[in-house]
Amino acid sequence: MEALKLSPTVENYLSLIYVLERDDEPIVGARLAELIGVTHPTVTNTLKRISRDGFITMDKSGTHLTEAGWQAARTVMRRHMLTEWMMVRMLPWSKLHLEAHNLEHAISAEAEAALLEQLGHPQTCPHGNPLPGSEAAVASWVRLTQIPPDAKVIIRRVHELAEENPQTMAFLEEKRIMPGVQATVVEILEFNETTTLHVEQHSVTLGFAVARYIFVEQQI
């Protein structure tokens, strides 16, 4: 039986809080306002409503999902990622997140189960992020900012927080910074916070602000 249907707004908040809490990122109103594209007072009011409904707690220790919140967030994240896979042959890789974000709220439990079966129960989305319950599949991948110069890597994952920026995603797709692509770390400049890669016959320079959301597997 389908669980109580939440509004798209609540699902959007829960999915973002899920990603932040999963990765031990701070959950603060200003950050949520930036990611969602609303004002800080709007975030505050929405969080109070979500807390009242039992999906999050807010206290001195911060904002955290309750068990009901985790369950609801896992559902919307799984449906989002399955929707990305459903559209992967129809749309550019960089546009999958935004389109799935628009469609994820309409996926039913029956459609979710059918997609899981049809897609062969994938462990990650097309950007390499883990489906809920498959976090162990990506645990060995490390941030690009942790890789030393001259190392050879395979790009494995572009974090959900990078996916929130369409311009960033379009740039990464254009430069082939995508899961499965091999690259070499050419240069790391700490003073201006950039990492330069050699990817498929060309060089790409990324600021640390973006590079920290690229996860790779280092080759021996």
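Residues numbered from 1 in each chain as written. Predicted model: local features only at pLDDT ≥ 70, side-chain atom pairs only at ≥ 80, totals over all residues. Heavy atoms only, no water.

A few words on the pattern of salt bridges. Any two side chains of opposite charge can pair, given that their charged atoms come close. Taken as a whole and judged by the stated rule, the model has twelve salt bridges. Here Arg-22 makes a salt bridge to Glu-160, at a shortest N to O gap of 2.8 Å. Of this pair, Arg-22 sits in helix H1 (residues 8-22) while Glu-160 sits in helix H7 (residues 160-163); the two residues are 138 residues apart in sequence, bridging distant segments of the chain. As a salt-bridge pair, Arg-157 and Asp-23 come within 4.0 Å of each other at their nearest N and O atoms. A residue pair is termed long-range when its members are at least 10 positions apart, and Arg-157 in strand E4 (residues 152-158) and Asp-23 in the loop between H1 and helix H2 (29-36) qualify at 134 residues. A relative accessible area of 6% places Arg-157 in the buried class. (Salt bridge = Lys/Arg side-chain N within 4 Å of Asp/Glu carboxyl O. Helix = DSSP H or I, 4+ residues; strand = E, 2+ residues; numbered from the N terminus. Buried < 20%, exposed > 50% of the residue type's maximum accessible area, 1.4 Å probe, protein only.)

This part is about the domain arrangement of the protein. Taken as a whole, the protein is organised into domain 1 (1-122) and domain 2 (142-218). Computed from C-alpha atoms alone, the centre-to-centre distance between domain 1 and domain 2 is 26 Å. Contacts between the two partners involve 15 residues from domain 1 and, on the opposite side, 17 residues from domain 2. Both sides together, the interface formed by domain 1 and domain 2 hides about 1,300 Å², and carbon and sulfur atoms give 56% of it. (Domains from an automatic or database assignment. Contact = heavy atoms within 4.5 Å. Buried area = accessible area lost by both parts, 1.4 Å probe.)

Take the pairing of strand E7 (residues 202-207) next. As judged from the six bridges shared by strand E6 (residues 194-199) and E7, these two strands associate in the antiparallel manner. Residue pairing in the sheet places His-198 in a bridge with Ser-203 of E7. (Pairing = 2+ DSSP bridges.)

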